[in-house]
Structures are given as structure tokens and as C-alpha cells.
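Report on the structure
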Amino acid sequence: MPASTLTTYQAFKEHLAEGVHSFASDATCTLTVALCAAANAPNVSTHAVLADITQISYTNLSARVVSVTTSTQSAGTYKLVVGDLTLSASGGAAAAFRYVVLYNDDPTSPADPLIGYLDYGADITLADGESLLLDFSAANGILQISG
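Residues numbered from 1 in each chain as written. Predicted model: local features only at pLDDT ≥ 70, side-chain atom pairs only at ≥ 80, totals over all residues. Heavy atoms only, no water.

1. Let's talk about the sheet that holds strand β10 (residues 143-146)
For the record, the criterion: What makes two strands pair is DSSP finding at least two bridges between them. Note on conventions: DSSP H or I runs of at least 4 residues are helices, E runs of at least 2 residues are strands, and numbering of each starts at the N terminus. Note on method: axes are straight lines fitted to C-alpha atoms, helices fitted across the in-contact stretch only, with angles between N-to-C directions ranging 0 to 180 degrees.
Strand order in the open sheet formed by three strands is β4-β5-β10, with antiparallel pairing between adjacent strands. Every interior strand has two partners, whereas the edge strands, β4 (68-74) and β10, have only one. If you compare each strand with its neighbour and ignore which way they point, the axes differ by 10 degrees on average. Taken together, the four bridges between strand β5 (residues 77-82) and β10 define a ladder with antiparallel strand orientation.

Here's what the structure looks like:
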């Protein structure tokens, strides 16, 4: 079941302008995913930081860090490309989730600012041993900014 494209939070645009994020492909940027059930839908106009969302329990789930592959500008268009991430359930089933929220784990003011989310359309439950590939587009990136 493929996800929609990344829907960005309104606060993310302000955070970009204020220099909260540094998406350089080095250790200064730790992008992480948070998972939310259908009953806890992200709100792009009121949610700004990780503490604003209700996450599922991560019991039995693998690591959630996404690697920045490239953060570049070409011909006036900036593109952020991240590596794919495989979420795997191990030791039991994972809690059901519908939304995959991307946030930056590095900034401290504000702490853990939200970037955007993917909507899978319905809750997904990974049974013990099952995996879900978060297949981020290498061609288009997860974010493009042009002026």
C-alpha cells in the first residue's frame, strides 16, 4: 500500500525561514519517523513539534532514523533526498499506525520540529516478522523548494 506524498506542516515553513533546520547530509541532521494511528491524525495547522502529536507504542519495532542522502540546489530548485527506511516488527506485532510523521530530532529550540507526514489511507499492523518499506523517492526527494 503506497503512501501519499509528503504533506508539510505549516510551522515547518516558518522553521525553515528561521534557520531551525539544517539538512546537510552529515551528523548535524537526524531525521526520524514517528507513527500515529488513524484516530490521531496529524494537524498541519496546529501541530509544530513532536510533543503535539500522539504516537503509537514502538514496542517490537525497528529503528526509525532516516538518513539524509543529498541536500542540494540545482538551477534554482532545492531538493532534499533521504534514504529508504524499512520498519520491521520483531518479538511480537507492532501497534497499528496510519501516518508516518517525519521530524528533525536535533534542534532544541523548538525541540523536535515536525516536517511533514505520509498518509497510508488506513491503519497498518505489522505482525511479528513483517516489514514495511518507506520508499522515499530518490528522483524527486521528499522536499523540493523553488522560487
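2. Focus on the pattern of salt bridges
We apply this condition: Just to be clear on terms, a salt bridge is a Lys or Arg side-chain nitrogen sitting within 4 Å of an Asp or Glu carboxyl oxygen.
In this structure the tally under the stated criterion is one salt bridge. We note a salt bridge from aspartate 119 to arginine 98, for which the minimum N-O separation is 2.6 Å. Here arginine 98 lies in strand β7 (residues 97-104) and aspartate 119 lies in strand β8 (residues 114-124), a separation of 21 residues in the sequence.

3. Concerning the packing of aromatic side chains
Working definition: an aromatic ring pair is given by the centre-to-centre distance plus the angle between the planes. Condition: Ring pairs are drawn from Phe, Tyr and Trp, using the six-membered ring of Trp, whenever the two centres fall within 6.5 Å, and their geometry is named by plane angle: stacked under 30 degrees, edge-to-face over 60, tilted for the rest. Think of it in three bands: with a 1.4 Å probe and only protein chains considered, a residue is buried below 20% of the maximum accessible area for its type, exposed above 50%, and partly exposed in between.
Applying the stated criterion to the full structure yields three aromatic pairs. Taking the centre distance of 6.3 Å and the plane angle of 40 degrees together, the rings of phenylalanine 12 and phenylalanine 23 count as tilted. Here phenylalanine 12, found in helix α1 (residues 10-17), pairs with phenylalanine 23, found in the loop between α1 and β2 (31-36); they are 11 residues apart in sequence, far enough to count as distant. The exposure classification of phenylalanine 12 matches that of phenylalanine 23, with both residues buried. Pairing tyrosine 99 with tyrosine 117 gives two aromatic rings, centres 5.7 Å apart and planes at 80 degrees, and the pair type is edge-to-face. Taken together, the residues tyrosine 99 in strand β7 and tyrosine 117 in strand β8 connect sequence positions 18 residues apart.

4. Regarding unusual backbone geometry
With an omega of 0 degrees, the peptide bond between serine 109 and proline 110 qualifies as cis. Relative to the assigned elements, proline 110 resides in the loop between β7 and β8. For asparagine 60, which is not glycine, the phi dihedral falls at a positive 75 degrees. Here asparagine 60 is to be found in the loop between β2 and β3 (65-66).

5. Brief notes about the sheet that holds β3
The five strands are arranged β1-β8-β7-β2-β3 in an open sheet whose pairing can be described as antiparallel. Edge positions in the sheet fall to β1 (7-8) and β3, since each of these pairs with one other strand and no more. Pairing geometry for β1 and β8, over two bridges, is antiparallel. Within β8, the residue paired with threonine 7 across the bridge is tyrosine 117.

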